[in-house]
Amino acid sequence: MTTTALKKAAIPTRRAYSDRMAEYGAIDSDFAVMDADIGYSTYSYLFGDKYPERYFNMGIAEVNMFACAAGFAANGRTVVAGSYGVFITMRAVEVIRSFICYPNLNVKILSSHGGLTAAIDGVTHQATEDIATMSTIPNMKVLVPADPVAAGKLFDVSFTSPGPVFTRLMRDPYYEIYDNSASFVLGGSNTLREGSDITLVSYGDMVFQAVEAAEELARSGISAEVIDAYSIKPYDAETILKSMRKTGALLVAENHQQKNGLGYELGILSLREFPVPFDTLGLRDTFAESGDYYKLLEKYGLSSNWIYKAATALVARKEHRNA
Amino acid sequence: MNSNTKPDPAARIQRLREIAQQVRFHVVDMVHHVQSGHIGGSLSAAEILTALYFDILNIDPDNPRWPDRDRMMMSKGHACPVLYASLALRGFFPLDELHTLRQFETRLQGHPVIKTPGVDMTTGSLGIGFSISVGMAMEAKLSGASYNVYAVLGDGELNEGVVWEAASAAQKYRLDNLVAIIDRNNLQNDGVSDTIMPMEPIDRKFEAFNWEVRRINGHDMQQVLQTLEEARDFRGKPFCIVADTVKGKGVSFMENQRSWHGSPPNDEQYRQAVSEIQGALV
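Residues numbered from 1 in each chain as written. Chains lettered and ligands numbered in written order. Predicted model: local features only at pLDDT ≥ 70, side-chain atom pairs only at ≥ 80, totals over all residues.

Draft legend 1. Up close: the overall build of chain B. The number of helices and strands found in chain B is 10 helices and seven strands. For 282 residues, the compact-globule estimate of 2.2 N^0.38 gives 19 Å, and chain B sits close to it at 17 Å. With the C-alpha coordinates aligned to their principal axes, the bounding extent of chain B is approximately 50 × 45 × 40 Å. Taking all 282 residues of chain B together, the buried fraction comes to 52%. Taking the intrachain contacts of chain B between residues at least 6 apart in sequence as the baseline, contacts between residues at least 24 apart amount to 77%. (Helix = DSSP H or I, 4+ residues; strand = E, 2+ residues; numbered from the N terminus. Rg over C-alpha atoms; globule rule 2.2 N^0.38 Å. Buried ≥ 20, exposed ≤ 12 C-beta atoms within 10 Å, placed from the backbone. Contact = placed C-beta atoms within 7 Å.)

Draft legend 2. Spotlight on the sheet that holds strand β1 (residues 71–74) of chain B. All names here are of chain B. Taking strand neighbours across the sheet as the criterion, the five strands line up as β1-β2-β3-β7-β6 in an open arrangement whose pairing is parallel. Because the sheet does not close on itself, it has two edges, and the strands there are β1 and β6 (212–217). Each strand of the sheet is rotated relative to its neighbour by a mean of 15°, with strand direction disregarded. When strand β3 (residues 178–184) meets strand β7 (residues 239–244), the two strands line up parallel, connected through six bridges. By the bridge assignment for β7, Ile 182 is matched with Val 242. In the packing of helix α5 (residues 128–143) onto the sheet, contacts are made with β1, β2 (149–154) and β3, and the angle to β2 comes to roughly 170°. (Pairing = 2+ DSSP bridges. Axes fitted to C-alpha atoms, helices over the stretch in contact; angles between N-to-C directions.)

Draft legend 3. The arrangement of the confidence of the model for chain B in detail. Confidence in the prediction of chain B, expressed as mean pLDDT, is 96, and 97% of residues score 70 or more. Model confidence for the complex is summarised by a pTM of 0.95, with the ipTM given as 0.94. (pLDDT = per-residue confidence, 0-100.)

Draft legend 4. Looking closely at the interface of chain A and chain B. The partner chain B presents 19 residues to the 23 residues of chain A that form the contact. Of all the elements in the fold, those that place two or more residues in the side of chain A that touches chain B are α4 (62–74) and α6 (93–101) of chain A. When residues of the side of chain A that touches chain B are assigned to their parent elements, the largest contribution, nine residues, is made by α4 of chain A. Of the residues in the side of chain A that touches chain B, the class split is 15 nonpolar, five polar and three charged. (Nonpolar A, V, L, I, M, F, W, Y, C, P; charged D, E, K, R; others polar.)

Draft legend 5. Inspection of the nonpolar core at higher detail. Counting 198 residues, the largest nonpolar core has Phe 66, Ala 69, Ala 70, Leu 200, Leu 251 and Ala 311 of chain A as the members making the most contacts within it. Among the domains, domain 1 (10–176) and domain 2 (190–322) of chain A are the pair contributing at least three residues each to this core. (Core = buried A, V, L, I, M, F, W, Y, C linked by C-beta atoms within 7 Å. Domains from an automatic or database assignment.)

Draft legend 6. Representation of the domain arrangement of chain A in the model. Residue and element names in this part refer to chain A. When its domains are assigned, chain A resolves into domain 1 (10–176) and domain 2 (190–322). Between the C-alpha centres of domain 1 and domain 2 there is a distance of 26 Å. Tallying the contact residues gives 29 residues for domain 1 and 27 residues for domain 2. Contributions of two or more residues to the side of domain 1 that touches domain 2 are made by α7 (130–136), β6 (141–143) and α8 (148–160). Its residues assigned to classes, the side of domain 1 that touches domain 2 comprises 17 nonpolar, seven polar and five charged.

Draft legend 7. Structural detail: the packing of helix α1 (residues 9–34) of chain B against helix α9 (residues 221–233) of chain B. All names here are of chain B. For the pair α1 and α9, interaxial distance at closest approach is 10 Å and the crossing angle is 110°. Judged by the inter-axis angle, α1 sits roughly perpendicular to α9. Across from Ile 13, Leu 16, Arg 17 and Ala 20 in α1, the residues of α9 making contact are Met 221, Gln 222 and Leu 225. (Parallel < 35°, antiparallel > 145°, perpendicular 65-115°, else oblique.)

Draft legend 8. Just unusual backbone geometry, in detail. The residue after Lys 233 of chain A, namely Pro 234 of chain A, is reached through a cis peptide bond having omega 0°. Considering the arrangement of structural elements, one finds Pro 234 of chain A in the loop between β12 (231–233) and α10 (237–247). The omega torsion of the bond from Glu 200 of chain B to Pro 201 of chain B falls at 0°, within 30 degrees of zero and hence cis. The phi torsion at Arg 102 of chain B lies on the positive side, around 65°, for a residue other than glycine. Overall, Arg 102 of chain B belongs to the partly exposed group, with 17 C-beta atoms counted inside 10 Å. If you check the backbone angles, Arg 174 of chain B has positive phi at about 45° while not being a glycine.

Draft legend 9. Just the sheet that holds β6 of chain A, in detail. All names here are of chain A. Spatially, β3-β2-β4-β5-β7-β6-β12 is the arrangement adopted by the seven strands of the open sheet, whose pairing is mixed. For this open sheet the edge positions go to β3 (55–57) and β12, each flanked by a neighbour on one side alone. Taken pair by pair, the neighbouring strands of this sheet meet at an average axis angle of 20°, ignoring direction. Across four bridges, strand β2 (residues 32–35) lies against strand β4 (residues 79–84) in parallel orientation. Opposite Val 33, over in β4, you have Val 80 as the bridge partner.

Laid out in structure tokens, this is it:
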């Protein structure tokens, strides 16, 4: 399945977030940036080149980096700290929980290589449990931009939302979803395409996969509503519920373990508020492997083809139930 | 505040020694009262905390979040009874609040939290408080602030790898506003530190990380005070004090006993401990 509607993005979201961070250095002259020796990968060096006195390369030591960030923030200074998702949400998770989230400190987390977007780097560098760990911690907010415009704007949302905020970014550029007029708020979502038969909710790179699937579904006579749930925590329950009440079916697709991701969250929302035929796509309790992003998504059941199939099945279930 | 006129040196030491015994009393008293808490590692740090809170630290109990105050991280957070006793005696909160240690809705949580008056940062997961102190000292440098940051660590805590990540960062950023005090009592939860995970030579390890190091008797108040004063004013490098101490110090039957790491005394042990503490100066 290939898209004709979307334009290729020129830069990955990690770059767009850091571009905005470097610009933001002129807007806010206090905040500091830390990296754990992957500044040329997260692009945090762009801030460091402009503001060397406020940029700290903490070496390959993520636990110490986040504890030091907590020390800065406890003194009242906001820090953006960056690394790869696996190291942030696994190695440093205790520091983030007990010493950033528990005291509710202003540490903003730049987390690159989300999901299988770290494709060719292999499993050790693919953060596929990050949304689960970060969403579970009280006081943490979780954002996932779908494209470069969203990444720049969500930097601002992150920076201006009090307390810790985790932003999941992608290794590689995919497609442009937004133009510069798009707006983003904490707890918000954007409905990219209106539909009447099924609600597709996704975030990050899976947004373009959902848009592609919706185009293909339209060709089969199924009208899919596509929602970019860029704010995972808090999530936009109002918009998603309203859409479910309209379409009567919900499919969540995420580049993450199926367990404890947004799909589980919205499945519970549906059970509590408005039960509808529901499914969720994600990694099925398995690790992936190195390889081309598109091939991995196909093999592990996350591509637009899989979204198309799952959506078709849900709509059939809905119609069977209504018959 | 340390700007008060100082009494003559002998009287100053004598006063601190007496306060250290009051700190010990409150440690034993609160842990006995609530039948929970870490006594052994609190008693070993009584002189260190007393010298800090009653002489060295530039702090104001009436304004605990004063931005220019010295910072103190109790990195060995389980030994918070000695921290809470010191803070209460120093006037940060009422002494009778000590009996709420670890109890429902208390400000004196099982491990220190930032919301408690006088506590500069949440600590308790070993190694991390030290690492946070490095971040605070870096931030103070960036702000051009003149205060110092102190961190009290246990020797067992040095097992944590993050301690050495933090020690590296401290030398990289030349944090001469940072003082680490190691409460070297050679006992940790499961037994003798030298056996569980040998860390010696601790002083030479910190020297190799380009810290300025002194090794002292952590119960000799004169040495403790003099070395802290030297550390406070030292410039050019971060400063580490390895304080050789005795776990359970000041209560004969608790000294050097692993079992007093985290157990409370019964009523009879409590009476004996109090009479030993009140009858002597360490």
